[in-house]
Amino acid sequence: MENTLALDLTIEKTAHSRLSQVDLKQPIFGRTFTDHMLSADYMGGKWTNVRIMPYQDISISPALSAIHYGQSIFEGLKAYKNAEGEVLCFRPDENFKRMNKSAVRMCMPTIPEEIFMGGLRELLNLDRDWVPAGEGCSLYIRPVMFATDAFIGLRPSETYKFLIFCSPAGVYYSAPVKVKVETRYTRAAEGGTGAAKAAGNYAAAMYPTKLAYQEGFDQVLWTDAKEHRYIEEAGSMNIMFIINGTIITAPETDTVLPGITRKSVLQLAREWGVPVEERKPGVAEVIQAIQNGTLQEAFGVGTAATIAHIKTIGYEGQLYELPDVANRPFSNRVYQELEDIKRGRKADTRGWVMKI
Ligand SMILES: *Cc1c(COP(=O)(O)O)cnc(C)c1O
(Lines give C-alpha, C1' and ligand atoms only; values in the text may rest on other atoms or scores of the structure.)
Protein backbone atom coordinates (compact mmCIF):
# COMPACT_ATOMS: atom_id res chain seq x y z
CA MET A 1 0.00 0.00 0.00
CA GLU A 2 1.15 3.50 -0.73
CA ASN A 3 -0.38 6.90 -0.25
CA THR A 4 -0.52 9.79 -2.69
CA LEU A 5 -0.68 13.37 -1.43
CA ALA A 6 -3.28 16.01 -2.39
CA LEU A 7 -5.76 13.25 -3.02
CA ASP A 8 -6.15 11.05 0.03
CA LEU A 9 -5.97 7.89 -2.01
CA THR A 10 -5.05 4.39 -0.93
CA ILE A 11 -3.64 2.12 -3.61
CA GLU A 12 -3.86 -1.63 -3.29
CA LYS A 13 -2.14 -3.26 -6.24
CA THR A 14 -3.21 -6.61 -7.56
CA ALA A 15 -0.96 -9.54 -6.74
CA HIS A 16 -2.05 -11.34 -9.91
CA SER A 17 -2.20 -9.24 -13.05
CA ARG A 18 -4.52 -10.71 -15.68
CA LEU A 19 -2.81 -8.79 -18.47
CA SER A 20 -0.87 -11.79 -19.82
CA GLN A 21 -4.17 -13.67 -20.36
CA VAL A 22 -5.61 -10.99 -22.60
CA ASP A 23 -4.95 -10.46 -26.29
CA LEU A 24 -4.85 -6.67 -26.46
CA LYS A 25 -5.11 -6.85 -30.24
CA GLN A 26 -8.54 -8.48 -29.96
CA PRO A 27 -9.88 -7.85 -26.48
CA ILE A 28 -13.49 -8.75 -25.76
CA PHE A 29 -14.81 -5.24 -25.34
CA GLY A 30 -17.09 -4.67 -22.38
CA ARG A 31 -16.30 -8.03 -20.79
CA THR A 32 -12.57 -7.76 -20.23
CA PHE A 33 -11.58 -5.33 -17.52
CA THR A 34 -8.20 -4.00 -16.47
CA ASP A 35 -6.47 -5.04 -13.24
CA HIS A 36 -7.64 -2.13 -11.10
CA MET A 37 -10.58 0.14 -10.39
CA LEU A 38 -11.13 3.35 -8.48
CA SER A 39 -13.74 3.34 -5.75
CA ALA A 40 -15.09 6.03 -3.43
CA ASP A 41 -18.04 6.15 -1.03
CA TYR A 42 -20.30 9.04 -0.14
CA MET A 43 -21.59 8.92 3.42
CA GLY A 44 -22.29 11.39 6.18
CA GLY A 45 -22.31 14.20 3.61
CA LYS A 46 -18.82 13.62 2.26
CA TRP A 47 -16.72 11.42 -0.03
CA THR A 48 -14.46 9.00 1.82
CA ASN A 49 -12.73 5.69 1.37
CA VAL A 50 -11.12 6.78 -1.91
CA ARG A 51 -9.02 3.90 -3.14
CA ILE A 52 -7.66 2.05 -6.09
CA MET A 53 -7.98 -1.67 -5.68
CA PRO A 54 -7.97 -4.84 -7.76
CA TYR A 55 -10.97 -4.95 -10.12
CA GLN A 56 -13.58 -7.00 -8.29
CA ASP A 57 -17.28 -7.64 -7.84
CA ILE A 58 -19.22 -5.68 -5.25
CA SER A 59 -21.98 -7.09 -3.10
CA ILE A 60 -25.29 -5.28 -2.86
CA SER A 61 -28.35 -5.27 -0.63
CA PRO A 62 -31.65 -6.36 -2.22
CA ALA A 63 -32.92 -2.99 -1.01
CA LEU A 64 -30.15 -1.06 -2.82
CA SER A 65 -31.73 2.26 -3.67
CA ALA A 66 -30.28 2.51 -7.19
CA ILE A 67 -31.94 -0.67 -8.46
CA HIS A 68 -35.36 0.40 -7.22
CA TYR A 69 -35.46 4.13 -7.92
CA GLY A 70 -32.77 4.55 -10.52
CA GLN A 71 -30.35 7.06 -9.08
CA SER A 72 -27.51 5.95 -11.33
CA ILE A 73 -25.38 7.99 -13.71
CA PHE A 74 -22.33 7.23 -15.80
CA GLU A 75 -19.75 8.55 -18.22
CA GLY A 76 -17.79 7.14 -21.14
CA LEU A 77 -14.40 8.27 -22.40
CA LYS A 78 -11.30 6.82 -23.98
CA ALA A 79 -7.54 6.69 -23.59
CA TYR A 80 -5.05 5.96 -26.36
CA LYS A 81 -1.37 5.19 -26.76
CA ASN A 82 0.76 7.46 -28.92
CA ALA A 83 3.73 6.34 -31.00
CA GLU A 84 6.04 6.85 -28.00
CA GLY A 85 3.89 4.53 -25.88
CA GLU A 86 2.54 7.37 -23.72
CA VAL A 87 -1.07 7.24 -22.54
CA LEU A 88 -3.32 10.07 -23.76
CA CYS A 89 -6.84 10.71 -22.49
CA PHE A 90 -9.26 12.83 -24.54
CA ARG A 91 -10.99 15.73 -22.74
CA PRO A 92 -11.60 13.94 -19.38
CA ASP A 93 -12.30 17.31 -17.71
CA GLU A 94 -15.43 17.55 -19.88
CA ASN A 95 -16.65 14.16 -18.64
CA PHE A 96 -15.95 15.29 -15.08
CA LYS A 97 -18.07 18.42 -15.52
CA ARG A 98 -20.86 16.57 -17.30
CA MET A 99 -21.03 13.86 -14.65
CA ASN A 100 -21.56 16.50 -12.00
CA LYS A 101 -24.36 18.08 -14.06
CA SER A 102 -26.00 14.67 -14.31
CA ALA A 103 -25.55 14.27 -10.55
CA VAL A 104 -27.37 17.54 -9.82
CA ARG A 105 -30.30 16.56 -12.08
CA MET A 106 -30.64 13.17 -10.41
CA CYS A 107 -30.41 14.64 -6.91
CA MET A 108 -27.04 12.99 -6.27
CA PRO A 109 -23.90 14.47 -4.69
CA THR A 110 -21.27 15.98 -6.98
CA ILE A 111 -17.80 14.45 -7.14
CA PRO A 112 -14.78 16.56 -6.18
CA GLU A 113 -12.33 17.23 -9.01
CA GLU A 114 -9.43 15.64 -7.14
CA ILE A 115 -11.32 12.36 -6.84
CA PHE A 116 -12.52 12.19 -10.46
CA MET A 117 -9.51 13.67 -12.24
CA GLY A 118 -6.86 12.67 -9.70
CA GLY A 119 -8.28 9.19 -9.33
CA LEU A 120 -8.53 8.73 -13.11
CA ARG A 121 -4.92 9.81 -13.55
CA GLU A 122 -3.69 7.36 -10.89
CA LEU A 123 -5.80 4.53 -12.30
CA LEU A 124 -4.56 5.07 -15.86
CA ASN A 125 -1.01 5.32 -14.59
CA LEU A 126 -1.33 2.01 -12.77
CA ASP A 127 -3.08 0.20 -15.65
CA ARG A 128 -1.15 1.92 -18.45
CA ASP A 129 0.03 -1.39 -19.93
CA TRP A 130 -3.62 -2.24 -20.57
CA VAL A 131 -4.03 0.62 -23.06
CA PRO A 132 -3.87 -1.12 -26.45
CA ALA A 133 -1.23 0.31 -28.78
CA GLY A 134 -2.64 -1.18 -31.98
CA GLU A 135 -3.94 1.01 -34.79
CA GLY A 136 -7.56 1.90 -34.09
CA CYS A 137 -7.57 0.42 -30.55
CA SER A 138 -8.33 2.26 -27.32
CA LEU A 139 -9.07 1.85 -23.64
CA TYR A 140 -12.69 2.59 -22.80
CA ILE A 141 -13.12 4.22 -19.39
CA ARG A 142 -16.39 3.97 -17.49
CA PRO A 143 -17.00 6.22 -14.47
CA VAL A 144 -20.29 5.38 -12.71
CA MET A 145 -22.09 6.60 -9.58
CA PHE A 146 -25.13 5.02 -7.96
CA ALA A 147 -27.25 5.20 -4.82
CA THR A 148 -26.36 2.64 -2.17
CA ASP A 149 -28.82 3.13 0.70
CA ALA A 150 -30.31 -0.24 1.72
CA PHE A 151 -33.70 1.33 2.21
CA ILE A 152 -37.09 0.79 0.56
CA GLY A 153 -38.44 4.28 0.76
CA LEU A 154 -38.81 6.87 -1.97
CA ARG A 155 -36.33 9.62 -1.24
CA PRO A 156 -32.85 10.51 -2.46
CA SER A 157 -30.29 8.07 -1.11
CA GLU A 158 -27.95 9.31 1.60
CA THR A 159 -25.06 7.12 0.46
CA TYR A 160 -23.50 6.58 -2.96
CA LYS A 161 -20.65 4.71 -4.60
CA PHE A 162 -18.43 6.14 -7.32
CA LEU A 163 -16.35 3.78 -9.45
CA ILE A 164 -14.06 4.13 -12.43
CA PHE A 165 -13.14 0.98 -14.31
CA CYS A 166 -11.77 0.32 -17.77
CA SER A 167 -12.17 -2.10 -20.67
CA PRO A 168 -9.71 -2.41 -23.55
CA ALA A 169 -11.37 -2.01 -26.95
CA GLY A 170 -10.19 -3.36 -30.27
CA VAL A 171 -10.49 -1.66 -33.64
CA TYR A 172 -13.84 0.05 -33.79
CA TYR A 173 -15.15 0.06 -37.31
CA SER A 174 -18.47 1.74 -37.68
CA ALA A 175 -20.18 0.67 -40.89
CA PRO A 176 -22.53 3.33 -42.32
CA VAL A 177 -25.87 3.00 -40.55
CA LYS A 178 -29.50 2.72 -41.58
CA VAL A 179 -31.68 4.71 -39.20
CA LYS A 180 -35.40 5.02 -38.58
CA VAL A 181 -37.08 8.32 -37.74
CA GLU A 182 -38.96 7.49 -34.53
CA THR A 183 -42.43 9.00 -34.53
CA ARG A 184 -44.10 6.97 -31.78
CA TYR A 185 -41.69 6.69 -28.83
CA THR A 186 -39.71 9.38 -27.07
CA ARG A 187 -36.22 9.46 -25.60
CA ALA A 188 -36.46 12.79 -23.85
CA ALA A 189 -39.07 15.45 -23.20
CA GLU A 190 -38.68 19.06 -22.17
CA GLY A 191 -38.15 19.21 -18.45
CA GLY A 192 -37.10 15.54 -18.37
CA THR A 193 -33.72 13.89 -17.89
CA GLY A 194 -32.51 13.68 -21.50
CA ALA A 195 -29.49 15.89 -20.91
CA ALA A 196 -28.24 13.69 -18.06
CA LYS A 197 -26.25 10.51 -18.66
CA ALA A 198 -28.67 8.73 -16.35
CA ALA A 199 -29.14 4.94 -16.49
CA GLY A 200 -32.92 5.08 -16.88
CA ASN A 201 -32.69 6.98 -20.17
CA TYR A 202 -30.99 3.99 -21.76
CA ALA A 203 -33.47 1.48 -20.35
CA ALA A 204 -36.33 3.52 -21.82
CA ALA A 205 -34.66 3.57 -25.25
CA MET A 206 -34.27 -0.22 -25.48
CA TYR A 207 -37.79 -1.18 -26.53
CA PRO A 208 -38.15 1.30 -29.42
CA THR A 209 -34.61 0.41 -30.49
CA LYS A 210 -35.50 -3.30 -30.51
CA LEU A 211 -38.53 -2.58 -32.71
CA ALA A 212 -36.31 -0.63 -35.10
CA TYR A 213 -33.87 -3.59 -35.27
CA GLN A 214 -36.75 -5.91 -36.09
CA GLU A 215 -37.64 -3.63 -38.99
CA GLY A 216 -34.08 -3.90 -40.28
CA PHE A 217 -32.67 -0.63 -38.96
CA ASP A 218 -29.43 -0.19 -36.99
CA GLN A 219 -30.51 2.77 -34.93
CA VAL A 220 -33.35 5.12 -34.04
CA LEU A 221 -33.42 8.83 -34.93
CA TRP A 222 -35.05 10.44 -31.92
CA THR A 223 -37.43 13.28 -32.59
CA ASP A 224 -38.97 15.87 -30.28
CA ALA A 225 -41.50 14.48 -27.81
CA LYS A 226 -44.21 17.00 -28.62
CA GLU A 227 -44.64 16.73 -32.38
CA HIS A 228 -42.04 14.22 -33.64
CA ARG A 229 -41.17 16.79 -36.30
CA TYR A 230 -37.63 17.72 -35.31
CA ILE A 231 -34.57 15.46 -35.09
CA GLU A 232 -32.68 15.48 -31.79
CA GLU A 233 -30.31 12.51 -31.56
CA ALA A 234 -29.28 9.24 -33.24
CA GLY A 235 -29.41 6.33 -30.79
CA SER A 236 -26.90 7.29 -28.12
CA MET A 237 -25.09 9.75 -30.34
CA ASN A 238 -25.66 13.36 -31.25
CA ILE A 239 -26.51 13.92 -34.89
CA MET A 240 -25.43 16.39 -37.55
CA PHE A 241 -26.66 17.11 -41.07
CA ILE A 242 -24.90 19.14 -43.72
CA ILE A 243 -27.35 20.85 -46.04
CA ASN A 244 -26.08 23.30 -48.65
CA GLY A 245 -22.71 23.49 -46.90
CA THR A 246 -24.13 24.30 -43.45
CA ILE A 247 -23.91 21.96 -40.46
CA ILE A 248 -27.25 21.71 -38.70
CA THR A 249 -27.43 20.09 -35.26
CA ALA A 250 -29.81 20.27 -32.32
CA PRO A 251 -28.74 22.74 -29.63
CA GLU A 252 -27.86 21.68 -26.07
CA THR A 253 -31.32 21.83 -24.54
CA ASP A 254 -32.66 19.54 -21.82
CA THR A 255 -33.68 16.96 -24.44
CA VAL A 256 -30.20 16.60 -25.92
CA LEU A 257 -27.21 14.99 -24.26
CA PRO A 258 -24.35 17.52 -24.40
CA GLY A 259 -21.84 15.33 -26.22
CA ILE A 260 -18.13 16.02 -26.00
CA THR A 261 -17.61 14.72 -29.54
CA ARG A 262 -20.37 17.10 -30.68
CA LYS A 263 -18.67 20.02 -28.96
CA SER A 264 -15.27 19.08 -30.45
CA VAL A 265 -16.65 18.64 -33.98
CA LEU A 266 -18.43 22.01 -33.83
CA GLN A 267 -15.27 23.74 -32.60
CA LEU A 268 -13.24 22.30 -35.48
CA ALA A 269 -15.98 23.23 -37.96
CA ARG A 270 -15.94 26.84 -36.76
CA GLU A 271 -12.14 26.97 -36.90
CA TRP A 272 -12.31 25.69 -40.49
CA GLY A 273 -14.91 28.27 -41.45
CA VAL A 274 -17.72 25.79 -41.98
CA PRO A 275 -21.09 27.45 -41.17
CA VAL A 276 -22.88 25.92 -38.17
CA GLU A 277 -26.53 26.32 -37.18
CA GLU A 278 -27.47 25.02 -33.75
CA ARG A 279 -31.16 24.42 -34.22
CA LYS A 280 -33.27 21.31 -34.50
CA PRO A 281 -33.30 19.98 -38.06
CA GLY A 282 -36.86 19.37 -39.24
CA VAL A 283 -37.73 15.86 -40.45
CA ALA A 284 -39.47 17.38 -43.50
CA GLU A 285 -36.48 19.65 -44.13
CA VAL A 286 -34.08 16.68 -44.12
CA ILE A 287 -36.30 14.52 -46.38
CA GLN A 288 -36.74 17.40 -48.80
CA ALA A 289 -32.99 18.07 -48.82
CA ILE A 290 -32.34 14.40 -49.64
CA GLN A 291 -34.86 14.59 -52.48
CA ASN A 292 -33.55 17.78 -54.02
CA GLY A 293 -29.91 16.78 -53.62
CA THR A 294 -28.89 19.49 -51.13
CA LEU A 295 -28.28 17.08 -48.25
CA GLN A 296 -24.56 16.37 -48.45
CA GLU A 297 -23.74 14.55 -45.20
CA ALA A 298 -25.46 13.05 -42.16
CA PHE A 299 -23.62 11.48 -39.25
CA GLY A 300 -23.87 10.54 -35.62
CA VAL A 301 -21.13 11.77 -33.26
CA GLY A 302 -20.08 10.15 -29.99
CA THR A 303 -17.13 8.68 -28.11
CA ALA A 304 -17.67 5.08 -29.27
CA ALA A 305 -17.53 5.63 -33.03
CA THR A 306 -16.37 9.28 -33.17
CA ILE A 307 -18.28 9.57 -36.48
CA ALA A 308 -20.99 7.16 -37.65
CA HIS A 309 -22.02 7.92 -41.21
CA ILE A 310 -25.72 7.55 -41.96
CA LYS A 311 -26.41 5.82 -45.26
CA THR A 312 -30.20 5.35 -45.18
CA ILE A 313 -33.05 7.13 -43.39
CA GLY A 314 -36.43 5.43 -42.98
CA TYR A 315 -39.47 7.64 -42.48
CA GLU A 316 -43.15 6.70 -42.67
CA GLY A 317 -42.40 3.45 -44.47
CA GLN A 318 -40.15 5.05 -47.10
CA LEU A 319 -36.37 4.57 -47.35
CA TYR A 320 -34.22 7.52 -48.37
CA GLU A 321 -30.67 6.88 -49.58
CA LEU A 322 -27.94 9.39 -48.75
CA PRO A 323 -24.83 10.36 -50.76
CA ASP A 324 -21.93 7.94 -50.95
CA VAL A 325 -19.71 8.04 -47.84
CA ALA A 326 -16.63 8.60 -50.01
CA ASN A 327 -18.17 11.93 -51.12
CA ARG A 328 -18.50 13.40 -47.67
CA PRO A 329 -15.53 15.72 -47.21
CA PHE A 330 -16.42 17.25 -43.83
CA SER A 331 -17.24 14.14 -41.81
CA ASN A 332 -14.27 12.24 -43.23
CA ARG A 333 -11.92 15.15 -42.51
CA VAL A 334 -13.20 15.79 -38.98
CA TYR A 335 -12.97 12.07 -38.17
CA GLN A 336 -9.33 11.98 -39.27
CA GLU A 337 -8.51 15.20 -37.42
CA LEU A 338 -10.03 13.98 -34.14
CA GLU A 339 -8.33 10.59 -34.43
CA ASP A 340 -4.99 12.33 -35.05
CA ILE A 341 -5.43 14.60 -32.03
CA LYS A 342 -6.60 11.79 -29.71
CA ARG A 343 -3.72 9.54 -30.70
CA GLY A 344 -1.10 12.29 -30.50
CA ARG A 345 -0.30 12.25 -34.22
CA LYS A 346 -1.19 15.94 -34.40
CA ALA A 347 -0.18 18.59 -31.87
CA ASP A 348 -2.74 19.23 -29.15
CA THR A 349 -3.12 22.98 -29.57
CA ARG A 350 -6.47 23.19 -27.76
CA GLY A 351 -5.66 21.52 -24.45
CA TRP A 352 -7.87 18.55 -25.24
CA VAL A 353 -5.42 15.78 -24.35
CA MET A 354 -4.39 14.76 -20.83
CA LYS A 355 -1.07 12.93 -20.94
CA ILE A 356 -0.57 10.38 -18.16
C1 LIG B 1 -22.96 9.71 -24.40
C2 LIG B 1 -24.03 10.18 -25.33
C3 LIG B 1 -23.75 11.00 -26.44
C4 LIG B 1 -22.36 11.32 -26.91
O5 LIG B 1 -21.56 11.96 -25.98
P6 LIG B 1 -19.97 11.92 -26.14
O7 LIG B 1 -19.50 12.73 -25.00
O8 LIG B 1 -19.64 12.54 -27.45
O9 LIG B 1 -19.57 10.49 -26.10
C10 LIG B 1 -24.82 11.48 -27.18
N11 LIG B 1 -26.09 11.16 -26.88
C12 LIG B 1 -26.38 10.35 -25.86
C13 LIG B 1 -27.80 10.03 -25.58
C14 LIG B 1 -25.36 9.83 -25.06
O15 LIG B 1 -25.66 9.00 -24.06
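Predicted model, so just to flag it, every value in this text is computed and none were measured. (Residues numbered from 1 in each chain as written. Predicted model: local features only at pLDDT ≥ 70, side-chain atom pairs only at ≥ 80, totals over all residues. Heavy atoms only, no water.)

(A) Representation of the side chain of Asn 82. Here Asn 82 lies in the loop between strand E6 (77–81) and strand E7 (87–90). Using a relative accessible area of 9% as the deciding quantity, one classes Asn 82 as buried. From its side chain, Asn 82 meets the backbone nitrogen of Glu 84 in a polar contact 3.0 Å long. (Helix = DSSP H or I, 4+ residues; strand = E, 2+ residues; numbered from the N terminus. Buried < 20%, exposed > 50% of the residue type's maximum accessible area, 1.4 Å probe, protein only. Polar contact = N/O pair within 3.5 Å; in protein donor to acceptor, adjacent residues only side chain to side chain.)

(B) Representation of the site of the ligand. The ligand sits among 14 residues. The nearest are Lys 197, Tyr 202, Glu 233, Thr 261 and Thr 303. Measuring from an oxygen atom of the ligand, one finds a side-chain N or O atom of Lys 197 at 2.7 Å. Between Tyr 202 and the ligand, the recorded distance is 2.4 Å, taken from a side-chain N or O atom to an oxygen atom. When isolated, the ligand has an accessible area of 380 Å², and the protein chains bury 95% of it. Elements that contribute at least two residues to the shell around the ligand include exactly strand E13 (237–243) and helix H5 (260–271). Looking at side-chain class alone, the shell around the ligand contains four nonpolar, six polar and four charged residues. (Near = heavy atom within 4 Å. Areas by Shrake-Rupley, 256 points an atom, 1.4 Å probe, with all protein chains shown as cover. Nonpolar A, V, L, I, M, F, W, Y, C, P; charged D, E, K, R; others polar.)

(C) Here's a closer look at the packing of aromatic side chains. The final tally for this structure, using the stated rule, is 14 aromatic pairs. Note on Tyr 185 and Tyr 207: the rings are 5.8 Å apart at their centroids and 90° apart in plane angle, and the pair reads as edge-to-face. Here Tyr 207 lies in helix H4 (residues 199–214) and Tyr 185 lies in the loop between strand E10 (177–181) and H4, a separation of 22 residues in the sequence. Accessibility expressed as a relative area gives 43% for Tyr 207, which makes it partly exposed. Site record: aromatic cluster; members linked through ring pairs are Tyr 42, Trp 47, Phe 96, Phe 116, Tyr 160 and Phe 162. Lying across the ring of Trp 352, Arg 350 places its NZ or CZ 5.2 Å from the centre. (Phe/Tyr/Trp six-rings, centres within 6.5 Å; stacked < 30°, edge-to-face > 60°. Lys NZ or Arg CZ within 6 Å of the ring centre and 35° of its normal.)

(D) Quick look at the domain arrangement of the protein chain. When its domains are assigned, the protein chain resolves into domain 1 (2–171) and domain 2 (177–342). For the pair domain 1 and domain 2, the summed buried area comes to about 1700 Å², and 61% of that belongs to carbon and sulfur atoms. At the boundary of domain 1 and domain 2, one finds one salt bridge. With a shortest N-O distance of 3.1 Å, Glu 94 and Lys 263 are connected by a salt bridge. At the junction of domain 1 and domain 2, the tally comes to 10 residue pairs in polar contact (both at pLDDT 80 or more). Counting residues per element, the ones that place at least two in the side of domain 1 that touches domain 2 are strand E5 (72–74), E6, E7 and helix H2 (92–105). Here the side of domain 1 that touches domain 2 takes five residues from H2, the largest share from any one element. (Domains from an automatic or database assignment. Buried area = accessible area lost by both parts, 1.4 Å probe. Salt bridge = Lys/Arg side-chain N within 4 Å of Asp/Glu carboxyl O.)

(E) Local environment of the environment of Ala 269. By the element assignment, Ala 269 lies in helix H5. On the basis of relative accessible area, Ala 269 is assigned to the buried category, the value being 0%. When neighbours within four sequence positions are excluded, Ala 269 is seen to be in contact with Ile 247, Val 274, Val 276 and Phe 330. (Contact = heavy atoms within 4.5 Å.)

(F) Quick look at the pattern of salt bridges. The full count for this structure, using the stated rule, is 25 salt bridges. Lys 161 is the partner of Asp 41 in a salt bridge, and the nearest nitrogen-oxygen pair spans 2.8 Å. Placement of Asp 41 in strand E3 (residues 36–43) and of Lys 161 in strand E9 (residues 160–169) is noted, with a sequence separation of 120 residues between them. As far as the burial class goes, Asp 41 and Lys 161 line up, both buried. The salt bridge partner of Glu 135 is Arg 345, with a shortest N-O separation of 3.7 Å. With Glu 135 in the loop between helix H3 (113–126) and strand E8 (138–147) and Arg 345 in the loop between helix H7 (329–342) and strand E19 (353–355), the pair connects residues that are 210 residues apart, well separated along the chain. A relative accessible area of 64% means that Glu 135 is categorised as exposed. Among the residues examined, Arg 345 registers a relative accessible area of 42% and is labelled partly exposed. What emerges from the salt-bridge pattern is a single network uniting Arg 91, Glu 94, Lys 97 and Lys 263.

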